[in-house]
Every structure is written in structure tokens, then in C-alpha cells.
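Okay, here's what each chain looks like letter by letter:
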Amino acid sequence: MSTEDRDVLDAEGFEPDVDPAEAPGSVGQSQKRREDAPLLRGEATYTDDFGGPETTALAFVRSTVAHGQIEAIETTDAAAIDGVLAVYTWDDLAAGDAPMVLPASTEPLDCEVPGHPVLAREKVRYDGQPVAAVVAEDRYLAADGVEAVAVRYDELQAVTEPDEAASEDAPTLYENVPDNVAVTAELGDKAETEAAFEAADEVVSVELENNRLVPSALEPRAALARYGHEEGLTVTLSSQSPHGHRRKLSYTLGLPERDIRVISPEVGGGFGHKGHHHPGEAMAAWAARDLGREVKWTATRSANYREGAHGRDHRTEAELALTDDGEFLGIRVETYAGAGGYALGGGAAMPGWYGRLLSSQYTVDAIHCETNAVFTTTAPVHSYRGAGRPEAIYVTERLVDVAAEELGRDPVALRRRNLIGRDAEDPIEPFPYETPVGATYDSGDYEPVLDAVAEAVAEEPRGGERDEDGRLRGVGVAAYVESTGGGFESGVVRVHPDGSVTVTAGTHDHGQGHETTYAAIVADELPVNIDDIRVVEGDTAKIPTGTGTFGSRSTIVGGNAVAESAQAVREKARRIAGTKLDADPENVAAADAGFVSGGEHCSFAAVASAAYGRGLPEGLEPGLEATTFYELEATAYTFGAHAVAVAVDPETGELAFERYVAVDDCGVQINPELVAGQVHGGVAQGIGQARSEHATYDDDGRLDAATMLDYGLPRAGDLPDIETLATETPSPTNALGVKGIGEAGTVVAPPAVVNAVADALPDVAHLDMPLTDEAVAAALAK
């Protein structure tokens, strides 16, 4: 099957007779991205591109110890440098009227802890924490100022592993949290799970590490702040959520939201990292008010890595209870998750709900998951592409493969034996389906995707068989579900008097293709050429309050908001067209770039012009636009299965990908080409975690790989050709029938890759991420 165009399989797993690209309308067509031309020509403007000759530069003095009391900060030499405008410490911030502490969601926690201070107060809790700030006439002078600041610490013991941090002899980060455990969260029924294990014929167990990752977007975080008494505070910011950042800046600075404007221009990658509130933008904004100058801050790569926020960092013990014939009875999980040195937003509470996807695609009678989120002397941990879903699916999909190995069962057959809906006459019969840990799957048809990936790699060597080059061959399969969407989103469709259309949404496009997607949705609702539709995002002064882009939510929430606004505009336009055509609006239809009735035609541009003139139908106000605040009432669950074929050199551990096949179902595909692109990107990041990425700390709590030279980001040559296929099972949660797809690859690629390598090395007892060539060679040598 073609890998250039994303193939769509029907419910039976076969290619349909009608190509979606030939269907009428814009939705369902693989249109080229409208966003790419300025990016390819180098015409896009990012936050660091803004500013002028009078713009000042902000830089941070960062902690060189992971845990310690601040004894003294000497700023005199720095302040004396010609061109240094100010040197700030916490004492300077505390003397003002702004809180200057980042918001922390402590309500879900078992303790009250302070938020992350913009500059350290009394104590530092991770390597790289901002301790002082220097503002100078340019970034070079700011760097000189940073070098001239001297900080003396009383260094304390560091602890970087979450399970060790929860032990009795670990150093304490907060006096009122003696065991460092921010929260212990439980999902599922413990008693029912214990009963399931007592009834089991077989129990298999795994110990897993979901390795800590560093978000590595092309563009580091950046902010440009200016303040005027009339215009208020304007912050140009590399953000996934402009309105969310406005709200958080309001909290940190003590200013009303009405006095803050956030502009998010082109953003070079987000991955959750740019949805969080960090000290940089808050300090830039505070300094701009204090100095009356425009202040720019752009993170260095090492600062971006050391300050975080990082992702994952789980230590898990998990068990699967089965009958002799392979029926899943129960899953029991205990996890210690690193929260870092501070509760950054909701980051410390986030691990508590990761277990909601432990059922994956399977019928499991009982599940119990206990998660301990633990403070460690490391950079804060928060959501990173997938945010809990990759951690849960990794646990379950590794358990299933280990069970297949220990029971002597085929891993695909064992999965098929336990699929939700496996025995139903109609595959949609079991849905909505509630799992033992509280997730309610909206729709699914799991067997065709599993069959498709199994068939794709059916002829690949496996089980440690040697190929003609003497390499050990293996095949891995992993299935998944992914929760997508959530919350509300704003969408505005405004028709101008000439018939052109502007669409605004509270989401933010930083690679997802919103301009292409939203324009297609509107073009399907209005009789207007798609090239006459402009999409605008990223400015809180121009767009109604929205939520932002994260959690695979933009199309399902933002897309439906835009669609409902377009439908409202269409109905008003149809009434106006009825007047111009002297026809009952019920007899007016959209067609041919306008409206028709009884053989008469009225162009959409003529209707738009009339909407802003006189003689409108009774009860209609002038204008032609609509605003929708759309809220998703239920979660939509994307699903799929990926298969990987690998070859391992038994002497060196060198790992090569022979095949990578992805079959995903995100409901109705607005643009199959964009869906394929999202899958490719997600798989690339998932392979990065499985193969090479790992943020580790030394014994003193210093980040080992603080630059791109040292951190194991995957390169293009490390990635296989990714074959993308799809089924379409519409979601009943929304009128478009869509589900999210942005994080699917990061969810399922890690277990698929690890399962493949484990299959190639049947004599190796344990494997875990990252599977570097060195790690594989070491496992073979044991």
C-alpha cells in the first residue's frame, strides 16, 4: 500500500472503492498545507525576530547546585558594567506589589507547597533554577552581567530518582512534605483487583522506567515585553495557549487580564513545553514595567534544557493476571513519578490520572493503579506530547508482550483474544465502553487495525531468526487508545462585504495545519472558494477567549467551534439570499459560489454586500458573522496499532528498522495528508524516546546532557520509512465525527519498538528504554 498518500481502510480492513480525495467538498481531501510557503521562504517571524534598536536583553544567573540554601548574592560588579541597566534578585521582586510566583495547582495534592518563584528565594531546588536576572542594552552585555554575579550556596544533598526521593533517608525538599510525596492517587477498585489476581491462573510482572525526556523544539522559549500606561502590558511570546498565558501572567504579575495582551506569532514547535508558564516571560514583563523599556528574553539551549519543563520520568511495577487460555482478568500497577523541584501549574498532580488508559484496547475485569508524584531536585516535570497516555500504554503493551512470551502465545493472538468488542456481532455494540479506571471510550473497531498491522509484517523474520547478514530479526506490535479533546474553544467566522472570510480561533497553530484544516471546514459549510478564507490565531486582543493547542484537541474542539459559526453564517446568508432571489429561504440552496433557487443565482459576494446594507429581512441585524464557544461534553478516543520489524547486530548491538507500519483511527479525517504528517511526527518522537533520549542527572543533581550536542535527539537518518494507513470510525461526541491525532505516534511507538527488539533477543530477560546500540549490546553480553 502507498506510503505517499495516507490509505484509508474501511471497517473490514480493505481499501474503499471511492477515494476520499475525490469526494465533494473540502473535508476529506488531502490538500497541501497552506502554511508552508512563508516557512520555506524564510519569511516567517518568530518571537526573537521582533524588537528594535531600543530593545533591551534579559538573561538569568542560574543555580549551579541542585539543592541548597542561598547564603549571598553579590551583584555590585555586574551592576557596574556599562550598559547593564538592572540586576534583580528575589529581594527586588519581593519589594514590589506583584506576587512573582508562578501559579501551582495544589488543590489536587496532598500538601500545600509554594509555586515556582520567578527568582529563587532562600533556596534552590534544581540545577539551572533562575537565581538572579540581568537586563542590559544587548544580549552580550547581559551575558557579561550574568558572569559578574557571584552566588554563594550552602549545598544540600540532591535526590533525582522519584522512588529514592520517597524513601525515609532521602533529603526533604519542603519541610511540610517530609516524604517528598506531593500526592498519592488511586484509580480503580483495589479489592476487585486483588480478587481478580487471586482467581488468576497466571500472573506476569514487569519493572519499567519511562525515561525522562527534554522537549527540544526548533525554537527555544522566548518573550518580548513592553509596557505603556495607556496600552497596558503587551507580551509577544512563544506560546501554545495565548489566552492561557495571559491568565497565568495575570496571576504572576498581579495585573487584571484586561491590561495584558499576549501575541503568539509563528512558534517553532510546542509539544506541551510552550503551554506552561515559565520564569522567563514573567521576568521580562516585570522588568519592562520596572524600567519602562522593551525587554526581550530568549532562552539558550542549555537554559531550555536545565529549566525544563521535562516530561515522563516514571518508575513502575506492574502485573497482569490471566487465565490459562489467555483471558485478561486484572492489572495492578504501582508508579513513582518525578514531579521535579516545584509544582509547575498542574504538573505535580498530572501523574495521578495517567492510569485511566491502562485498559488500552482490552477487556479487563479489574484494574488498580497507585501513583505517587514525588518532588525531586530536578527540573519541574509537566505535560510533554502525550502527557500520561504514552506512560499508560507503555505499561500495558509491555505487559501483554511479556505475558505472550511467558505463556508461549502469539502476541497478536493474545491481543485479539482480549479486544473490546471481539465477540460482538456489531463492532460498535460495546460502545460507549467504560473501563475499570473510569475512561469511557466513545467508539472503536479495534480488530481491523490489529489485523492490518499483523498482515503488513506477516512475512518479516522474527523471534531472533538470523538473516543473511547474521543479524537477529524481531517483530513488535503495540495497540493503543488515546484520549483527545476536552474543554471549550472559541471560533469566529466573519464574512466581509466583498465576500472574503476571516476565521479566528482560540487555538494556536505551530505545525498542526490549522489554516488548512479550518479553511476546509468553513469551505464545506459556505459557498466560498477556500482561497478566499483567511485563518487568524494567536492574539488575545483580536480573538475571543480560547483555550489553546495541546492534548490533541484543536480539530475536535476548535474545528467544531468554527464549523458551528460557519453554519450560523450560512443560515443567515441563506435568508438574505432568499430576499434577493424573491424566494422562501427554505427553497434556497448553496451552490456555485453563491445561492440558487428556481433557476436563479445570487453570488455569495452579493449576499455579503447586502448583509452590510439596507433592506435586510425583518429581524436580521446588519453584518454577517458568528461566534461560537464550543465545549466538548465527552472525550473522544483515538485508537490504532503499530508494527515494527527490526534487525540487531549481535556483536555491536546496532539496531536497524526494516519496517514501520502505522494504522490509526482518528474518526473522520478532515485532511488525510495532515493526519499522516501528525503520525509521522509523533512516531519520530516516540522512536526518540525508545532509542536514544534520556535526561539523566549526576550524583550531585546536575543535568548530564544540557545541550543538543549531548542529548540523544533522533536524527533523520535514525528514522525508518513510516507506512501510514487508517480506518475511519466517526466519533459520536461531536458533529464533525473527528478525534485528535497529534500525539498518537508518541503514545504507541515506544512499546512497539521495545516489543520488536525484545522479540529479536528472546534470551534477554529484560529490556527498557532507551534502547541505544550500547544498551542492546550490554543486554546481549549478560
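Our structure's up above, just so we're on the same page.
As a starting point, this report considers the structure included with it. Remember, predicted model here, so these are calculated numbers, not experimental data.

### A closer look at the overall build of the chain
The helix and strand inventory of the chain stands at 18 helices and 29 strands. On C-alpha atoms alone, the chain measures out to a radius of gyration of 27 Å, which is about the 28 Å that the 2.2 N^0.38 rule sets for 782 residues. The dimensions of the chain, computed from C-alpha atoms along their principal axes, are 85 × 75 × 50 Å. By the burial criterion, 59% of the 782 residues in the chain qualify as buried. Considering only contacts in the chain between residues 6 or more positions apart, those separated by 24 or more positions represent 80%. Side chains of the chain give 58 positive and 136 negative charges; the mean places of these two sets differ by 6 Å.

### Here we look at helix H7 (residues 242–253)
Along its 12 residues, H7 runs 16 Å from first to last C-alpha, staying within 8% of the 16 Å computed at 1.5 Å per residue. Of all 12 residues that make up H7, nine are buried, and the element is covered over most of its length. By the burial criterion, the buried members of H7 are Pro242, His243, Gly244, His245, Arg246, Leu249, Ser250, Thr252 and Leu253. Those residues of H7 that are buried are in contact with strand E11 (232–237), strand E12 (260–263) and helix H8 (279–291).

### Some details on the pattern of salt bridges
Within this structure, the stated rule accounts for 47 salt bridges. Residue Arg417 pairs with Glu327 through a salt bridge whose shortest N-O separation is 3.9 Å. Pair noted here: Arg417 is in helix H11 (residues 411–418) and Glu327 is in the loop between strand E14 (314–322) and strand E15 (328–340), with a separation of 90 residues, a long-range link.

### Observations regarding the packing of aromatic side chains
Two descriptors summarise a pair of aromatic rings, namely the distance from one centre to the other and the angle between the planes of the rings. Enumeration over the complete set of coordinates arrives at 13 aromatic pairs. Measuring from centroid to centroid gives 5.7 Å for Phe431 and Tyr446, while their planes differ by 90°, and the two rings are edge-to-face. A residue pair is termed long-range when its members are at least 10 positions apart, and Phe431 in the loop between H11 and strand E17 (433–434) and Tyr446 in helix H12 (residues 446–456) qualify at 15 residues. On the basis of an interplanar angle of 40° and a centroid distance of 6.4 Å, the ring pair of Phe595 and Phe604 is categorised as tilted. Each member of the pair Phe595 and Phe604 is classed as buried. One aromatic cluster in this structure is built from Tyr126, Tyr174, Tyr342 and Phe375. Here Arg289 stacks its cationic end above the ring of Tyr227, 5.0 Å away from the centre of that ring. Directly above the ring of Phe550 sits Arg553, whose terminal nitrogen or CZ lies 5.5 Å from the centroid.

Each value, and the rule that gives it
- Residues numbered from 1 in each chain as written.
- Predicted model: local features only at pLDDT ≥ 70, side-chain atom pairs only at ≥ 80, totals over all residues.
- Heavy atoms only, no water.
- Helix = DSSP H or I, 4+ residues; strand = E, 2+ residues; numbered from the N terminus.
- Rg over C-alpha atoms; globule rule 2.2 N^0.38 Å.
- Buried < 20%, exposed > 50% of the residue type's maximum accessible area, 1.4 Å probe, protein only.
- Contact = heavy atoms within 4.5 Å.
- Lys, Arg positive; Asp, Glu negative; His and termini not counted.
- Charge placed at Lys NZ, Arg CZ, Asp CG, Glu CD.
- Expected span 1.5 Å × (residues − 1).
- Salt bridge = Lys/Arg side-chain N within 4 Å of Asp/Glu carboxyl O.
- Phe/Tyr/Trp six-rings, centres within 6.5 Å; stacked < 30°, edge-to-face > 60°.
- Lys NZ or Arg CZ within 6 Å of the ring centre and 35° of its normal.

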